[in-house]
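Fold and contact review
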Amino acid sequence: MSLHEVKVEIAAANAGEIDDLLLELGAGNWSLYEDVVAQRAWLTGLFSGEDEAQQGWRELQPRLPTTPKGKPEVRPLPDCDWRDSYKTHFKAWQFGRLHWVPVWERAAFAIPPGDQVLWLDPGLAFGTGNHETTRLCVERLVALAAEKNLAGRVIDAGCGSGILALSAVLLGFRDVVGFDNDPEAMRVSQENAALNGLSGRVQFLTGDLKTGFKGMPAGVVLANIQADVLMLFAGDLVAAIAPGGTLILSGILAGELDKVRERFILAAPGWTSDSRTLGEWSDLQLGRPI
């Protein structure tokens with residue numbers, strides 16, 4: 001495969017806004033890189049050929065909130081460059097007694113007594129935990145585990161790197177499923193399970209929001225997916241929740257929360273709802289009555 005990279009410098013002041021735009025668009029080909037010390041930032045995209053790279057840039061440029069600094073550079077990219085590029089942006093973090101740590105820091109990382117760690121190599125799959133949307137989901141999951149109601153099935157819909165599904169196992173949930181419609185996500189999730197000695201503890205499946213839930217009512221569903229997709233599949237997400245279960249939605253820009261809440265209240269009348277905001281992002285948790 002002859003991969004090509006598009007790279008263009010942008011104003012560092014616009015980096016956060018553009019990063020949020022990429023997530024909102026589900027633009028998996030694109031990434032944002034920052035040098036905080038030098039106060040510079042670059043937008044890069046990976047494509048399977050030069051023509052596709054040029055087309056990708058033509059489609060994205062009009063959506064950007066600012067004019068890039070100069071013209072984009074398009075170049076063929078050796079495997080060794082693109083396969084490791086994501087490592088620059090994945091940093092260790094924690095919530096409570098759970099730590100999420102890059103596997104390449106394993107030799108140097110000291111696990112505090114009584115704490116647990118999930119070693120991760122996300123590859124090109126979404127899900128390091130460094131983004132607010134993932135953190136919102138993790139905090140909800142930790143809170144549910146603290147209630148000691150660990151018997152129900154947990155489904156991570158759109159599992160990416162497997163971070164939420166594998167975290168559920170570490171928290172004590174015994175019946176955990178993760179699905180994604182991207183074969184690369186399945187490969188990365190399985191590899192991350194093996195890195196942590198958790199192979200076979202999560203049932204990873206290829207599926208989407210129509211097929212992934214079939215025959216599997218859940219006590220908890222986590223869906224960290226962009227808002228328009230959540231609303232489009234609101235009926236499927238609600239139908240996947242068993243009586244007394246919980247639906248946790250993330251990937252919602254704070255400005256979109258009211259619209260998403262309205263859609264799900266319509267799809268799930270009588271359910272409880274609660275939301276929180278972290279940075280520019282919000283979550284929505286709904287509870288089905290018993």
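In what follows, the accompanying structure is described. (Residues numbered from 1 in each chain as written. Predicted model: local features only at pLDDT ≥ 70, side-chain atom pairs only at ≥ 80, totals over all residues. Heavy atoms only, no water.)

So, about the overall build of the protein. Scanning the protein from N- to C-terminus turns up 9 helices and 15 strands. The burial tally for the protein puts 49% of its 290 residues in the buried class. Carbon and sulfur atoms make up 50% of the accessible area of the protein, which totals about 13,800 Å². (Helix = DSSP H or I, 4+ residues; strand = E, 2+ residues; numbered from the N terminus. Buried < 20%, exposed > 50% of the residue type's maximum accessible area, 1.4 Å probe, protein only. Areas by Shrake-Rupley, 256 points an atom, 1.4 Å probe, with all protein chains shown as cover.)

Our next topic: the nonpolar core. Grouped together as the largest cluster of nonpolar side chains are 32 residues, with contacts concentrated most on Trp100, Leu118, Phe173, Val176, Phe204 and Leu222. The dominant element in this core, judged by the number of residues it contributes, is helix α5 (residues 163–170), at 7 residues. Not counting residues up to four positions away in its chain, the partners in contact with Phe173 are Leu141, Leu144, Ala145, Asn149, Leu150, Gly152, Val154 and Ala168. If you look at the next biggest cluster of nonpolar residues, it comprises 30 residues, including Leu237, Leu249, Ile252 and Leu257. (Core = buried A, V, L, I, M, F, W, Y, C linked by side-chain atoms within 4.5 Å. Contact = heavy atoms within 4.5 Å.)

Tallied over the entire structure, the rule returns 4 aromatic pairs. Aromatic side chains Trp30 and Trp57 sit 6.1 Å apart centroid to centroid with 50 degrees between the ring planes, which places their arrangement in the tilted category. Of the two residues, Trp30 sits in strand β2 (residues 30–35) while Trp57 sits in helix α2 (residues 50–60), which places them 27 residues apart along the sequence. We classify Trp30 as buried; its relative accessible area is 9%. On the accessibility criterion, Trp57 (7% relative accessible area) is buried. Taking 6.0 Å as the distance between ring centres and 90 degrees as the angle between the ring planes, the aromatic pair formed by Phe109 and Trp119 counts as edge-to-face. You can see Phe109 sitting in the loop between β6 (98–102) and β7 (116–120) and its partner Trp119 sitting in strand β7, a full 10 residues away along the chain. On the basis of relative accessible area, Phe109 is assigned to the partly exposed category, the value being 23%. (Phe/Tyr/Trp six-rings, centres within 6.5 Å; stacked < 30°, edge-to-face > 60°.)

Under the defined criterion, the tally for this structure stands at 10 salt bridges. In this structure, Glu139 engages Arg276 in a salt bridge whose closest nitrogen and oxygen atoms are separated by 2.9 Å. Pair noted here: Glu139 is in helix α4 (residues 132–146) and Arg276 is in the loop between β13 (272–274) and β14 (277–278), with a separation of 137 residues, a long-range link. For Glu139, a relative accessible area of 24% puts it in the partly exposed group. For Arg276, a relative accessible area of 24% gives the class partly exposed. A single network of salt bridges, built from pairs that share partners, joins Glu139, Arg140, Asp274, Arg276 and Asp283. (Salt bridge = Lys/Arg side-chain N within 4 Å of Asp/Glu carboxyl O.)

Along an α-helix, residues three or four positions apart point the same way, because every turn accommodates 3.6 residues. Looking at α2, one finds that the buried residues are Ala53, Gly56, Trp57 and Leu60. Within α2, the buried residues cover an arc of 95 degrees as seen down the axis, which keeps them to one side. In α2, the exposed residues that point more than 90 degrees away from the buried face are Asp51 and Glu59. (Arc of directions from axis to C-beta.)

What follows is about the sheet that holds strand β5 (residues 93–95). What links the strands of a sheet is backbone hydrogen bonding, and the strands pair in either a parallel or an antiparallel sense. Taken together, the 3 strands give an open sheet; going across it, the order is β5-β6-β7, and neighbouring strands pair in mixed fashion. Each having just a single partner strand, β5 and β7 make up the two edges of the open sheet. Mean inter-strand twist for the sheet, computed between neighbouring axes without regard to direction, equals 20 degrees. Where β5 meets β6, 3 bridges bridge the pair, whose relative direction is antiparallel. Bridge pairing links Gln94 to His99 in β6. (Pairing = 2+ DSSP bridges. Axes fitted to C-alpha atoms, helices over the stretch in contact; angles between N-to-C directions.)

This part covers the environment of Asn149. When you line up the elements, Asn149 lands in the loop between α4 and β8 (154–157). In this structure Asn149 comes out as exposed when scored by relative accessible area, which is 53%. A sequence separation of 24 residues divides Asn149 from Phe173, and the C-alpha atoms of the two residues are 8.5 Å apart. Beyond its immediate sequence surroundings of up to four residues, Asn149 is in contact with Leu144 and Phe173.

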